[in-house]
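# Structure assessment
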Amino acid sequence: MTKSLRLTEAAVEQYRREGFLLFPEELFPAGKFQRLKNHFEQLLAALPADKRPENMDVPHFTDPALFEWLFADEVLDLVEPIVGPDIALFSSHFICKPSGDGKRVPWHEDSSYWRDMVQPMEVVTVWLAVDPSTEANGCMKVIPRTHHKGGYSEYEDVDKKLNIFATEIKRHQFDERTAVSCILQPNHCSLHDGRLMHGSEPNRSQVRRCGYTMRYMSTRCRYNAAKYPWHQIYLARGRDHAGNQYADPTVVYGDLMQARVTAGKKVH
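Residues numbered from 1 in each chain as written. Predicted model: local features only at pLDDT ≥ 70, side-chain atom pairs only at ≥ 80, totals over all residues. Heavy atoms only, no water.

## Some thoughts on the packing of aromatic side chains
The line we're drawing: Between the rings of Phe, Tyr and Trp (Trp by its six-membered ring), a pair exists once the centres lie within 6.5 Å; its type follows the angle of the planes, with under 30 degrees stacked, over 60 edge-to-face, and the other angles tilted. Labels follow the DSSP assignment, with helices taken as runs of H or I lasting at least four residues and strands as runs of E lasting at least two, numbered in each case from the N terminus. Classification of residues uses two cut-offs on accessible area relative to the type maximum, computed with a 1.4 Å probe and protein chains only: under 20% is buried, over 50% is exposed, and between them is partly exposed.
Per the stated rule, a full pass over the model turns up nine aromatic pairs. Here Phe67 and Tyr234 contribute two aromatic rings whose centre-to-centre distance is 4.8 Å and whose plane-to-plane angle is 50°, an arrangement assigned as tilted. Residue Phe67 is located in helix α3 (residues 67-70), and its partner Tyr234 is located in strand β15 (residues 234-237); the two are separated by 167 residues in the primary sequence. The two residues Phe67 and Tyr234 agree in class, both being buried. Ring centres of Tyr113 and Phe165 lie 4.8 Å apart, and the angle between their planes is 45°; on these two criteria the pair is classed as tilted. Highlighted residues: Tyr113 in helix α5 (residues 110-114) and Phe165 in the loop between β8 (155-157) and β9 (167-169), separated in sequence by 52 residues. Its relative accessible area of 24% is what places Tyr113 among the partly exposed residues. Owing to a relative accessible area of 3%, Phe165 belongs among the buried residues under this scheme.

Here is the structure:
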């Protein structure tokens, strides 16, 4: 690894073994993080009244300014030791739980929502805390080592009025007593494998909980663009190895956002 990369070999080994890793250091310089937080506050203020703030999925499709952070060396140097030097941005999502009535995130694997969008399913999520993320306001919880199960568990329906997603992993498939809380200060982050079981409690506190998920994969992974035309990926660093096509980070893709609505694509 070069000096610029931000994870030690021991940290990478822990990530591969456990399926997640806490990074309790500032991800961005203070001013750069504050610009991101200010930018998010503007997006939140412009959110239609009928849209929940937990559901601000793929905002970068129509907001090219976000690539200042999505393509930042501070982030790419964090994920390169995991995915390698040739990196694609798979997705991003502001998931903001308002104080008092922030919805619960049911236990799930990201891979179960993505299915065959990416082959092989090797996506790392950088979960950046925009606000403090604590047990009181519904921080993310993970079940260590469950990514070794493959990422496609059996699911059952849950109440969509109380949960961000409409399904949840059936309880007999994991032991919630082994869950680890990802407690983070603003500008700190965690990383987790796309196949890892995770979820979070509702936010009944007086403190908002917002995180920005930035998701990356190696360009040796193949994105299934023919089957999923309502999504797209971006080349973040290096070069392609799998014959993928990449979107232009300077372009606003409003038509693609509408295609997601038409396809019934909600969140994640």
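## Considering the nonpolar core
This is how the line gets drawn: We call a set of buried Ala, Val, Leu, Ile, Met, Phe, Trp, Tyr and Cys residues a nonpolar core when their side-chain atoms join them within 4.5 Å. Residues count as neighbours in contact if any of their non-hydrogen atoms are within 4.5 Å of one another.
Judged by nonpolar contacts, the single largest core of 45 residues is most densely connected at Leu27, Phe28, Val126, Leu191, Met214 and Tyr216. Tallying contributions element by element places helix α4 (residues 73-83) first for this core, with six residues. Sequence-distant contacts of Met214, that is, excluding residues within four places in its chain, are made with Leu27, Trp69, Leu70, Val75, Ser91, Ser92, Val124, Thr125, Val126 and Leu128. Residues Trp114, Val118, Val123 and Tyr228 belong to the second largest nonpolar core, which totals 13 residues.

## Some details on unusual backbone geometry
For residues other than glycine, phi is negative in most cases, and the peptide bonds are mostly trans. Cis geometry marks the peptide bond from Gln119 to Pro120; its omega dihedral reads -5°. In this structure, Pro120 sits in the loop between β5 (118-119) and β6 (123-129). Non-glycine residue Val58 carries a positive phi angle of around 40°. The topology assignment puts Val58 in the loop between β2 (56-57) and α3. Phi angles above zero are rare outside glycine, and Asn187 is one such case at about 75°. For Asn187, the location among the structural elements is in the loop between β10 (180-181) and β11 (189-193).

## A look at the sheet that holds β10
Which entries qualify depends on this criterion: Two strands pair under a simple rule: DSSP has to find at least two bridges between them.
If you walk across this open sheet you meet the four strands as β4-β12-β7-β10, and the pairing is antiparallel. The open sheet terminates on both sides in strands that have one partner only, identified here as β4 (105-108) and β10. Where strand β7 (residues 140-142) meets strand β12 (residues 198-200), three bridges bridge the pair, whose relative direction is antiparallel. Bridge pairing in β12 places Met140 opposite Ser200.

## Structural notes on the pairing of strand β13 (residues 209-218)
The two faces of a sheet get side chains in turn, since along a regular strand they alternate between them. Burial within β13 is extensive, with 10 of its 10 residues counted as buried. Neither face of β13 is open: one carries Arg209, Gly211, Thr213, Arg215 and Met217, the other Cys210, Tyr212, Met214, Tyr216 and Ser218, and all of them are buried. Summarising the sheet, β6 and β13 pair through seven bridges and their orientation is antiparallel. Bridge pairing in β13 links Val126 to Met214.

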